[in-house]
Amino acid sequence: MTDLRSLTEAELKTAAADLGQPAYRGAQLFEWLHKKKIRDLDEALNLPHAFKDALRQHYSLSTLQLHTLQLSKDGTRKYLFLLPDGQAVESVFMPYDYGHTVCVSSQVGCRMGCRFCASTLNGLSRNLLPGEMLEQVYRIEEETGERVDHLVVMGMGEPLDNLENLIRFIRLISDPKGKNLSQRNITVSTCGLVPQIARLAEEKLGITLALSLHAPNDELRRTMMPIANRYTIAETLAACDAYFKKTGRRMSYEYSLVRGSNDSEEMALALAKLLKGRNCHVNLIPVNPVTERGFEASFDAAVLRFQKTLEKNGINATIRKKMGADIDGACGQLRRRLLQ
Ligand code: SAH
């Protein structure tokens, strides 16, 4: 059955008409689902019972149930949500000076196999629906009582491996008649699915695209990320350049620093050379520990040196503030949890 929370206002109007209702009932339903964020159709007070009964017969409604909440010393909150089919997904709330950010998961598990990441340890279970991505934000706003105004799609999963649902999610969450979150405040991170980057560019969204690069040459990147066997760095950067050209949105490059591997002065120079002349931004993240993985984070001095070398060579670089590491809520630490 189609999920009501994954439908646009126009589609809900058509759905209402198909069930013999005036179209404006569909617009009312959209508001209940995305402004008032109802969990159940019973809560939609101004809709006729007959309409709600008919909707229940023909559609499902995605709703997430809070299973566990972990609080970090730094204010980060990690949520484990239950999905309607008993699967579970993790999301993270981060209070920053400039506003509240939620890290959204796009899949249950992941099939990309990056060596340093916990989300991919048990493979992919399934894609998340647009409504299930929205629900992560809605339930976190409900639980914290705070307004979330920034999103990073950097939780579990590879967002571009679930591209159509991702695009729908972005359009729904930025809908002025719904939550109305600015696309400028959304960052989507990808390990580098080249054809999907081109497909996403066609949508001309106002979001920021971040590419997980992590190495300045193919040889090293292949030891970290299986996707590097499918697409070379040259092909991937060409797709990113085309993305920038088409959307006017500056690219971000993610670079997780692994002690004694990709964090040397030589690597920093190679990265600066690779990105030279590009209007872009590099995010440096000392790799977070994942017990099964055994990668070690770079020493602080190496991280600072890496950043300085990039800056000296004309590449903007910031060191990502580490949030929620004490509750396994930092980058790469979210994992598929089996609860049955
Ligand atoms: N699949 C997407 C988004 C998922 S994770 C992607 O690959 O980009 C968001 C970022 O965290 C990515 O840059 C990813 O490479 C990085 N990451 C994964 N595991 C990590 C770890 N253990 N430490 C630091 N960063 C990690």
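It should be emphasised that the depicted structure is a prediction, and the values quoted were computed from it without experimental measurement.

Student: Got a minute to help me understand the environment of Asp241 in this structure?
Tutor: Mapped onto the elements, Asp241 comes out in helix α9 (residues 233-247). Asp241 sits in the partly exposed class, given a relative accessible area of 31%. When the C-alpha atoms of Asp241 and Asn279 are compared, they prove to be 9.4 Å apart, with 38 residues separating the residues in sequence.

Student: What exactly am I supposed to notice about the domain arrangement of the protein chain here?
Tutor: Where the parts come together, the accessible area they lose is often given as the size of the interface. Here the protein chain is described as being made up of domain 1 (2-60) and domain 2 (65-339). Distance between the C-alpha centres of domain 1 and domain 2: 33 Å. Taken together, the contact between domain 1 and domain 2 spans 14 residues of the former and 17 residues of the latter. Summing both partners gives a buried area of about 1300 Å² for domain 1 against domain 2, and 47% of it is carried by carbon and sulfur. Applying the counting rule to domain 1 against domain 2 returns five salt bridges. Among the elements that line the side of domain 1 that touches domain 2, the one with the most residues is helix α2 (residues 24-34), at three residues.

Student: Explain the pairing of strand β4 (residues 77-82) here, please?
Tutor: Within a regular beta strand, the side chains point alternately toward one face of the sheet and then the other, so they alternate between its two faces. Bridge count for strand β3 (residues 65-71) against β4 is six bridges, and the pairing is antiparallel. Residue Leu66 lies in a different strand from β4, and its bridge partner there is Phe81. Note that β4 and strand β5 (residues 88-96) share six bridges and pair antiparallel. When the bridges of β5 are listed, Phe81 appears paired with Val89.

Student: Can you walk me through the side chain of Asp3 in this structure?
Tutor: Position of Asp3 among the secondary structure elements: in strand β1 (residues 2-3). A distance of 2.5 Å separates the side chain of Asp3 from the side chain of Ser6, its partner in a polar contact. The contacts of Asp3, once residues within four sequence positions are left out, are Ser60, Leu61, Ser62, Leu129 and Gly131.

Student: It is not clear to me how the packing of aromatic side chains should be interpreted in this structure. Could you clarify?
Tutor: Centre distance and the angle of the planes are the two values used to describe a pair of aromatic rings. Counted under the stated rule, the structure contains four aromatic pairs. Ring plane angle 15° and centroid distance 5.3 Å describe the contact between Tyr96 and Tyr98, whose orientation is recorded as stacked. Residue classification places Tyr98 among the exposed residues on the basis of a relative accessible area of 52%. One residue, Lys36, lies across the ring of Trp32, its end atom 4.2 Å from the ring centre.

Student: What should I look at first to understand the site of the ligand in this one?
Tutor: Taken together, 19 residues are adjacent to the ligand, and Phe116, Ser189, Ser212, His214 and Asn288 come closest. Interatomic distance of 3.4 Å between a backbone N/O atom of Thr190 and an oxygen atom of the ligand. Here an oxygen atom of the ligand and a backbone polar atom of Cys191 are 3.4 Å apart. Coverage of the ligand by the protein chains reaches 96% of its 530 Å² of free accessible surface. At the level of elements, β10 (186-190) and β12 (251-257) are the ones that each hand at least two residues to the shell around the ligand.

Reading the values: the criteria
Residues numbered from 1 in each chain as written. Predicted model: local features only at pLDDT ≥ 70, side-chain atom pairs only at ≥ 80, totals over all residues. Heavy atoms only, no water. Helix = DSSP H or I, 4+ residues; strand = E, 2+ residues; numbered from the N terminus. Buried < 20%, exposed > 50% of the residue type's maximum accessible area, 1.4 Å probe, protein only. Domains from an automatic or database assignment. Contact = heavy atoms within 4.5 Å. Buried area = accessible area lost by both parts, 1.4 Å probe. Salt bridge = Lys/Arg side-chain N within 4 Å of Asp/Glu carboxyl O. Pairing = 2+ DSSP bridges. Polar contact = N/O pair within 3.5 Å; in protein donor to acceptor, adjacent residues only side chain to side chain. Phe/Tyr/Trp six-rings, centres within 6.5 Å; stacked < 30°, edge-to-face > 60°. Lys NZ or Arg CZ within 6 Å of the ring centre and 35° of its normal. Near = heavy atom within 4 Å. Areas by Shrake-Rupley, 256 points an atom, 1.4 Å probe, with all protein chains shown as cover.

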